[in-house]
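Single-letter residue listing:
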Amino acid sequence: MIKLFNSLTRKKEDFVPNGEFVKMYSCGPTVYSYPHIGNMRAYLFMDNIRRVLKYNGYKLDGVMNITDVGHLTSDADEGEDKMLVASKKEQKTPWEIAKYYTEIFFNEAKKLNIDLPEHIVPATTVIDEIIKFVEGLIEKGYAYITTKGVYFDIQKFPGYGKLGNSIDSKMAGARIDVDDEKHNPADFVLWVKAPKEHIMKWDSPWGIGYPGWHIECSAIGNKYLGEKIDIHTGGVDHKTIHHENEIAQSDCLCGHRVVNFWMHVEFLQVNGGKMGKSLNNMYVLDDLKEKGFNPEDFRYFYFNAHYSKQQNFTFEALQGAQNALKAFKNLVVSNKNGENVVDETVINNYKNEFLESINDDLNMPKALAVCQKLLKEPKSKQVYDLMMDFNKILGFDFELTKEIPTQIKQLAEQRWQAKKNRDFALADSLRNQIETAGFVIKDSKDGYTIE
Ligand code: AMP
Ligand code: ZN
């Protein structure tokens, strides 16, 4: 049984899907800039859940939105339109900006070997569904029209704040000067009437405009997954407003609870603090590459912390991950032709322990520790095969780690003998042959290793 922490009930619960396919919705990127490594933590988290579900034999029906419609900078419908800001800065249309950064997002996900959802849906492709959704909410009395657009009437939904952010707490933070046409300052926008200069806009029953941000996830979830969604994921920053609003919209339209499990990944910090443009520490994968780190090193780093805890990124920690991953891969590959035989019950115990760890709310640090313990067993094909099985979760590329060919091992052995016989000329020539083939011999007091 998989146990997952549900932000809605604030408990670890047994996961039971509604139907044959696990229906999973993940909030996706706003495509106006390079996704940073904090964003990538959120997608690695999604990848982690998907792989754990598949490992347990579940079939998946996953959806992720691409926010390619500009929305206002803050969750609370204030500030500037991010896409518009980027489009002015880069002198491209918002459409070009969205296309460009959508491609970048796919590339970054690929570099990290992220298992992407079955459907990836740009918001601009579901404008009709969004309009119908908003019409439904108006019909049912949950939304109202003003001269500025259409708003969700938060007080019509007594269940508002299920994730822990009540209307009162929202009100305390809301600005008083907001739109006096709003019934309640905490009401949020579903459809915005566009000013003339606005570029991305569509016709609607309420005039030319564009959708609010929150509605896109509800409409996409509804279109692709229906009225019952098993898991919904996102970063903790979405918990306070975006997801409360999604719950309000979806549950009011459908007349029942739509999402069963809400799951949130904590933030990635940098050097113990916030990551921010002004702090000059919003790293992207290319910044890591410049300093000699592969995306896989970051993937390994991700597994070092539980998703529900903040994780602190430093280059020292990444260096640690790189070293550990290198040693890890070498150990795995060294088992490929291992000739020992490990007791089957021992192997099964490792398998169970690994499964228990991942099924315990994705305890990846523990799962990694199980792998490390397994790799201390005598070298055997069984260990290798089991590691390949575990790699369905870990998602590393072992193809890149070359196994040491028998011929090289023989040359190394001959060289060792030559050295023992004090035939240094022969030993040196054998070392040359080995190095020409791309391997390095490292001698120690009582032996040698080949890398
Ligand atoms: P955005 O494109 O801003 O909507 O963010 C995409 C995803 O990244 C969302 O799920 C956010 O919650 C998540 N996210 C943003 N910053 C961080 C961070 N520092 N650590 C982890 N997740 C983050
Ligand atoms: Zn969302």
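Sequence order as written defines the numbering, with residues in each chain counted from 1. Here every chain gets a letter starting at A, and every ligand a number starting at 1, in the order they are written. Since the coordinates come from a predicted model, pLDDT governs what is reported: local features require at least 70, and pairs of side-chain atoms require 80 or more to be given and counted, while whole-chain, interface and lining totals use all residues. Excluded from the side-chain calculations are hydrogens and water; all other atoms, namely the structure's heavy atoms, are used.

Draft legend 1. Local environment of the site of ligand 1. Near is defined per residue: the residue qualifies when any heavy atom it owns lies within 4 Å of the molecule or strand. In the neighbourhood of ligand 1, 15 residues make up the surrounding shell, with Gly 38, Asn 39, Gly 235, Asp 237 and Leu 268 lying closest. Between Leu 268 and ligand 1, the recorded distance is 2.8 Å, taken from a backbone N or O atom to a nitrogen atom. Throughout, the Shrake-Rupley method with a 1.4 Å probe supplies accessible areas, and for residues the shown protein chains are the sole cover considered. In isolation ligand 1 exposes 490 Å². Once the protein is present, 90% of that is buried. What counts as a helix is a DSSP run of H or I of at least four residues, what counts as a strand is a run of E of at least two, and both are numbered from the N terminus. A total of four residues in the shell around ligand 1 trace back to one element, the largest contributor, which is helix H1 (residues 37–55). Polar here means any residue outside two lists: the nonpolar Ala, Val, Leu, Ile, Met, Phe, Trp, Tyr, Cys and Pro, and the charged Asp, Glu, Lys and Arg; Gly therefore counts as polar. Grouping the amino acids of the shell around ligand 1 by side-chain chemistry returns six nonpolar, seven polar and two charged. Counted as a polar contact is a pair of N or O atoms within 3.5 Å, where, for protein atoms, one must be capable of donating a hydrogen and the other of accepting one, and residues adjacent in sequence contribute only when both atoms are in side chains.

Draft legend 2. Representation of the pattern of salt bridges. When a carboxyl oxygen of Asp or Glu is within 4 Å of a side-chain nitrogen of Lys or Arg, the pair counts as a salt bridge. For the structure shown, the criterion picks out 24 salt bridges. Between Arg 51 and Asp 47 there is a salt bridge, and its shortest N-O distance comes to 2.9 Å. Placement of the pair is Arg 51 and Asp 47 together in helix H1, with a separation of four residues, close to one helical turn. For Arg 51, a relative accessible area of 13% translates into the label buried. Its salt-bridge partner being Asp 389, residue Lys 351 comes within 2.7 Å of it at the nearest N-O pair. In this pair, Lys 351 is assigned in helix H11 (residues 344–359) and Asp 389 in helix H13 (residues 381–394), connecting sequence segments 38 residues apart. With relative accessibility at 32%, the residue Lys 351 sits in the partly exposed group. Residues joined by salt bridges that share partners form a network here, namely Arg 415, Lys 419, Arg 431, Glu 435 and Asp 443. Per-residue accessibility, obtained with a 1.4 Å probe over protein chains only, is compared with the maximum for each type, and a residue is labelled buried under 20%, exposed over 50%, and partly exposed between these values.

Draft legend 3. Structural context of the domain arrangement of the protein chain. Domain boundaries shown here were taken from an automatic or database domain assignment. Entries for the protein chain in the domain assignment read domain 1 (3–265), domain 2 (270–394) and domain 3 (406–450). If you average the C-alpha positions of domain 1 and of domain 2, the two centres end up 31 Å apart. Contacts: residue pairs with any heavy atoms within 4.5 Å of one another. Of the residues lining the interface, 28 residues belong to domain 1; the matching set on domain 2 comes to 33 residues. Surface buried jointly by domain 1 and domain 2 totals about 2700 Å² across both partners, of which 61% is contributed by carbon and sulfur atoms. Buried area is a sum: the accessible area each of two parts loses on coming together, probed at 1.4 Å, counted once for each and added. When the buried surface of domain 1 facing domain 2 is broken down by residue, Ile 37, Arg 41 and Tyr 55 rank first, second and third, together holding 31% of it. Our count for the contact surface shared by domain 1 and domain 2 stands at three salt bridges. The partner of Asp 47 in a salt bridge is Arg 299, and the shortest N-O contact between them spans 3.0 Å. Counting the contacts that link domain 1 with domain 2 gives 16 residue pairs in polar contact (both at pLDDT 80 or more). If one sorts the elements of the side of domain 1 that touches domain 2 by residue count, H1 sits on top with twelve residues.

Draft legend 4. Representation of the sheet that holds strand E9 (residues 209–211) in the model. Paired strands are those between which DSSP finds at least two bridges. Read across the open sheet, the four strands follow the order E6-E7-E8-E9; overall the sheet is antiparallel. Because the sheet does not close on itself, it has two edges, and the strands there are strand E6 (143–145) and E9. Averaged over all pairs of adjacent strands, the angle between strand axes in this sheet comes to 20°, irrespective of strand direction. In this structure, E6 lies alongside strand E7 (residues 149–152), joined through three bridges in antiparallel fashion. Pairing of Tyr 144 across the sheet is with Tyr 151, part of E7. The sheet strands contacting helix H4 (residues 127–139) are E6, E7, strand E8 (188–193) and E9, and the helix crosses E8 at an angle near 120°. The sheet strands contacting helix H7 (residues 242–254) are E7 and E8, and the helix crosses E8 at an angle near 80°. Whenever a helix is involved, its axis is fitted only over the stretch in contact; in every case the axis is a line through C-alpha atoms, and angles between N-to-C directions fall within 0 to 180 degrees.

Draft legend 5. Summary view of the coordination of the zinc ion (ligand 2). Donors, by definition, are the N, O and S atoms found within 2.8 Å of a metal, the threshold being 3.2 Å for Na, K and Ca, and water is not counted, so a site can look incomplete. Of the protein atoms, only Cys 27 (SG), Cys 217 (SG), His 242 (NE2) and Glu 246 (OE) coordinate the zinc ion (ligand 2), at distances of 2.1 to 2.7 Å. Irregular is the label for any site that misses the other tests, which are tetrahedral for four donors with all angles between 85 and 135 degrees, and square planar for four donors or octahedral for six when opposite donors exceed 155 degrees and the remaining angles lie between 65 and 115. Bound by four donor atoms, the zinc ion (ligand 2) shows angles of 76 to 132° at the metal and therefore irregular coordination geometry. Sequence spacing among the residues donating to the zinc ion (ligand 2) works out to C-x189-C-x24-H-x3-E. In this pair, Cys 217 is assigned in helix H6 (residues 213–225) and Glu 246 in helix H7, connecting sequence segments 29 residues apart. Glu 246 carries the same exposure label as Cys 217, and that label is buried.

Draft legend 6. Representation of the sheet that holds strand E10 (residues 229–235). With respect to topology, five strands assemble into an open sheet ordered E5-E4-E3-E10-E11, the strand pairing being parallel. Looking along the sheet, the strands with just one partner apiece sit at the ends: strand E5 (119–122) and strand E11 (259–265). The average undirected angle you get between the axes of adjacent strands in this sheet is 20°. For strand E3 (residues 21–26) and E10, the ladder comprises three bridges, and the chain directions are parallel.

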